[in-house]
Amino acid sequence: MVEARARIRALLLDMFGPDSFVTELADTVSLREGGVSSAALVSLLVAMEDEFGFEWQDDVAPEALRSISSLAGHVASLPA
Amino acid sequence: MSLQLTVPEGVAPGAHFQWRPVRPPRGRDEQSAAGRAAVAAALAESGSTDLVVPREPDGRPRFPPGFAGAIAHTDRVAVAVVVPGAEAVGVDIEDAVISPRVARFVLRDRERAALLRPAGAYSARDLFAAKEAAFKALCSLGGGGGLGGPDQFLFWWIELDQTDATLVASYRGVSVPVWVRSEPRLSLAVAIRR
Amino acid sequence: MDRDIFDVVDKLFRQRLQLPELDPDRRLVDYGLDSVRSVDLIVEMEDRFDVSISDEQAGSMVTLRDVVATVTAALTVSVGQGHPEK
């Protein structure tokens, strides 16, 4: 989980830059309210597919996409 | 320079649009300030005496009763739309580059085949904005629409269809027409359910 | 009217409105300039010229000539103020 959170944060830093709001974005804060637009969220989800080697299913629970922590939780729940 | 929006006849009668540039350094505070200024102007133009739009706990803006509206911004511009008497309103402006991969993520095969240029009339950015605008409108239906708020469904679950010249967005049988304006650098989408 | 500023503004507006030519004294709304295009152009001019254009100023710019005059005046003000933030 800790490692997945760090890797997701690294993807966000790649997208927004090393000096962006991402440095202040807490793991549990809503990405939408933290300043991640819908377009950026989808770009992050696509980047996660490459980073972690899985595909998002269409029936993913919306709460799994809420924050860095919940995204990491989803990655941890994937079958090995 | 004109601050009026050219909207085709019949698309958005009674809709009040207001735009504001986001002031440098164009951070989140400046984006929010531009959004608030646009909302206050749109509400005033609509005849509302209440010009402030607080946020719900889930982040949605709460417009005064009888003045359905929506706000959107990029890091450069903010827009607010108020439609007195409408049931639900959503708006989105997109200036992001929508990659083919992102387009595949948010658009179904059927939507890409029928709606994307050259077969259809829209860019991937237009359709992305259309789904997001429809999402805001459908979320604002809240309990009445039975779809729940932004924590209960995802904007790409919304389906787009073209009926005659009108783009219609729907989710679980609840639909809203969406008007899209495509500019070289940005797409504007407005969903109004009356 | 400052020729350099005119040339930059004229080119920018022609590009955005996708027109080969603009009459500097014709109303911009006649060329299809509505709020979507206006606000984007205002932000673009603010970036290009490093000036601030108020909503009132934006509303009073009816022709291309008005736009050039407003940008020129804004530049004069910002030079006069010596750009303390720069």
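Counting from 1, residues in each chain are numbered in the order their sequence is written. Think of it this way: whatever chain is written first is A, whatever ligand is written first is 1, and the rest follow in order. Two thresholds apply to this predicted model, a pLDDT of at least 70 for residue-level local features and 80 or more for giving and counting side-chain atom pairs, whereas whole-chain, interface and lining totals are computed over all residues.

What chain C contains, in helices and strands, is 4 helices and 0 strands. A run of H or I in DSSP counts as a helix once it spans at least four residues, and a run of E counts as a strand once it spans at least two, with each numbered from the N terminus. Start at the N end of chain C and walk to the C end: the helices and strands fall as α-α-α-α. Taken over 86 residues, chain C has a buried fraction of 26%. Partly exposed residues are those falling between the two cut-offs: more than 12 but fewer than 20 other C-beta atoms within 10 Å of their own, whereas 20 or more means buried and 12 or fewer means exposed, with C-beta atoms placed from the backbone.

As a further point, take the arrangement of the chains. C-beta atoms are first placed from the backbone for all residues, and any pair lying within 7 Å is then listed as a contact. Most contacts, compared over the 2 pairs of chains touching, are made between chains B and C. There is a gap between chain A and chain C: no contact, and a shortest C-alpha distance of 19 Å.

Here we come to the confidence of the model for chain C. Reading fine detail from the predicted coordinates is not recommended where pLDDT is low. Residue and element names in this part refer to chain C. Per-residue confidence from the prediction method is given by pLDDT, with values spanning 0 to 100. A residue-level look at chain C finds 88% of positions with pLDDT of 70 or above and a mean pLDDT of 87. Across chain C, the secondary-structure element scoring lowest on mean pLDDT is helix α3 (residues 55–60), at 85, and the one scoring highest is helix α1 (residues 3–17), at 93. Predicted complex metrics record ipTM = 0.91 and pTM = 0.89.

All right, on to the interface of chain B and chain A then. Taken together, the contact between chain B and chain A spans 16 residues of the former and 12 residues of the latter. Those elements that place two or more of their residues in the side of chain B that touches chain A are α2 (100–106) and α4 (124–140) of chain B. Residue contributions to the side of chain B that touches chain A peak at 4 residues, all from α2 of chain B. Ten residue types, Ala, Val, Leu, Ile, Met, Phe, Trp, Tyr, Cys and Pro, are classed as nonpolar, four, Asp, Glu, Lys and Arg, as charged, and the remainder, Gly among them, as polar. Looking at the side of chain B that touches chain A residue by residue, the class counts come to 9 nonpolar, 2 polar and 5 charged.

Residue and element names in this part refer to chain B. Pairing between two strands requires that DSSP report at least two bridges joining them. Taken together, 3 strands build an open sheet; the order of strands is β1-β3-β2 and the sheet is antiparallel. The open sheet terminates on both sides in strands that have one partner only, identified here as β1 (16–21) and β2 (67–73). Strand after strand, the sheet turns through a mean of 15° between neighbouring axes, direction not considered. Across the sheet, helix α1 (residues 28–46) lies against β1, β2 and β3 (77–84), angled at about 25° from β3, the strand it touches most. Axis definition: a line fitted to C-alpha atoms, limited for helices to the stretch in contact. Angles are taken between N-to-C directions and run from 0 to 180 degrees.

Moving on: the interface of chain B and chain C. Contacts between the two partners involve 16 residues from chain B and, on the opposite side, 16 residues from chain C. Examining the composition of the side of chain B that touches chain C, we find that 3 residues originate from one element, β1 of chain B, more than from any other. Considered class by class, the residues forming the side of chain B that touches chain C number 9 nonpolar, 3 polar and 4 charged.

Residue and element names in this part refer to chain B. Across the sheet, 5 strands lie side by side as β4-β8-β7-β6-β5; this open sheet has antiparallel pairing. Looking along the sheet, the strands with just one partner apiece sit at the ends: β4 (88–94) and β5 (159–163). Each adjacent strand pair in this sheet contributes to an overall mean axis angle of 25°, direction not counted.

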